[in-house]
Amino acid sequence: MPFPKISEVRELSDEELAAEIVKVKRDLFDLRILKGTGRMEKPHLFKHNRHRLAQLLTIEKERELAKVVETSTAVETEETPE
């Protein structure tokens, strides 16, 4: 199973991104339960899900920072009329 591509994550809307983050966190929780009970069959899924979560959180943070920069530049242009 190959790692998911970051380009796939960039295509998601903000709502889909938030839903996917919740889903991956839930998957990781379920994997920890399986590991604790000794029923873990695919330990590589930990690495794949952590990688996917990192991608999702990175894109979420990028979008938040872009919004902050956008609003700060809008405020600066309103304050300094030319």
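Just so it is clear, the structure is predicted and the values come from calculations on it, not from any experiment.

Analysis parameters
- Residues numbered from 1 in each chain as written.
- Predicted model: local features only at pLDDT ≥ 70, side-chain atom pairs only at ≥ 80, totals over all residues.
- Heavy atoms only, no water.
- Helix = DSSP H or I, 4+ residues; strand = E, 2+ residues; numbered from the N terminus.
- Rg over C-alpha atoms; globule rule 2.2 N^0.38 Å.
- pLDDT = per-residue confidence, 0-100.
- Core = buried A, V, L, I, M, F, W, Y, C linked by side-chain atoms within 4.5 Å.
- Buried < 20%, exposed > 50% of the residue type's maximum accessible area, 1.4 Å probe, protein only.
- Contact = heavy atoms within 4.5 Å.
- Phe/Tyr/Trp six-rings, centres within 6.5 Å; stacked < 30°, edge-to-face > 60°.
- Lys NZ or Arg CZ within 6 Å of the ring centre and 35° of its normal.
- Expected span 1.5 Å × (residues − 1).

### Brief notes about the overall build of the chain
Then comes step 1: Per the secondary structure count, the chain includes 3 helices and 0 strands.
Then comes step 2: Scanning the chain from its N terminus toward the C terminus, one meets helices and strands in the order α-α-α.
Then comes step 3: Over its C-alpha atoms the chain spans a radius of gyration of 18 Å, topping by over 25% the 12 Å that the globule rule assigns to 82 residues.
Then comes step 4: Each of the three principal axes of the chain carries a C-alpha extent, and together these read 65 × 25 × 15 Å.

### Examining the confidence of the model for the chain
Then comes step 1: Of all residues in the chain, 94% attain a pLDDT of 70 or more, and the chain-wide mean is 90.
Then comes step 2: No element of the chain has a lower mean pLDDT than helix H3 (residues 44-79), which averages 89, and none a higher one than helix H2 (residues 14-37), which averages 96.

### Describing the nonpolar core
Then comes step 1: Listed in full, the 10 residues of the largest apolar core are Val-9, Leu-17, Ile-21, Val-24, Leu-28, Leu-31, Phe-46, Leu-53, Leu-56 and Ile-59.
Then comes step 2: Put simply, the parts of the chain that give this core at least two residues each are H2 and H3.
Then comes step 3: Broken down by element, this core gets its largest block of residues, 5 residues, from H2.
Then comes step 4: When near neighbours in sequence (up to four residues on either side) are disregarded, Leu-53 contacts Ile-21, Val-24, Lys-25 and Leu-28.

### Comments concerning the packing of aromatic side chains
Then comes step 1: Using the criterion set out here, one finds 0 aromatic pairs in the structure.
Then comes step 2: Of note, Lys-35 hangs over the ring of Phe-46, and the distance from its end group to the ring centre comes to 5.7 Å.

### What about H2?
Then comes step 1: In this model H2 runs 35 Å from its N-terminal to its C-terminal C-alpha over 24 residues, within 8% of the 34 Å that 1.5 Å per residue would give.
Then comes step 2: Every buried residue of H2 is accounted for by Leu-17, Glu-20, Ile-21, Val-24, Leu-28 and Leu-31.
Then comes step 3: Just downstream of H2, Gly-38 is the residue with a positive phi angle, here 80°.

### Topic: the environment of Val-75
Then comes step 1: Here Val-75 is to be found in helix H3.
Then comes step 2: Separated by 32 residues in the primary sequence, Val-75 and Pro-43 place their C-alpha atoms 49 Å from one another.

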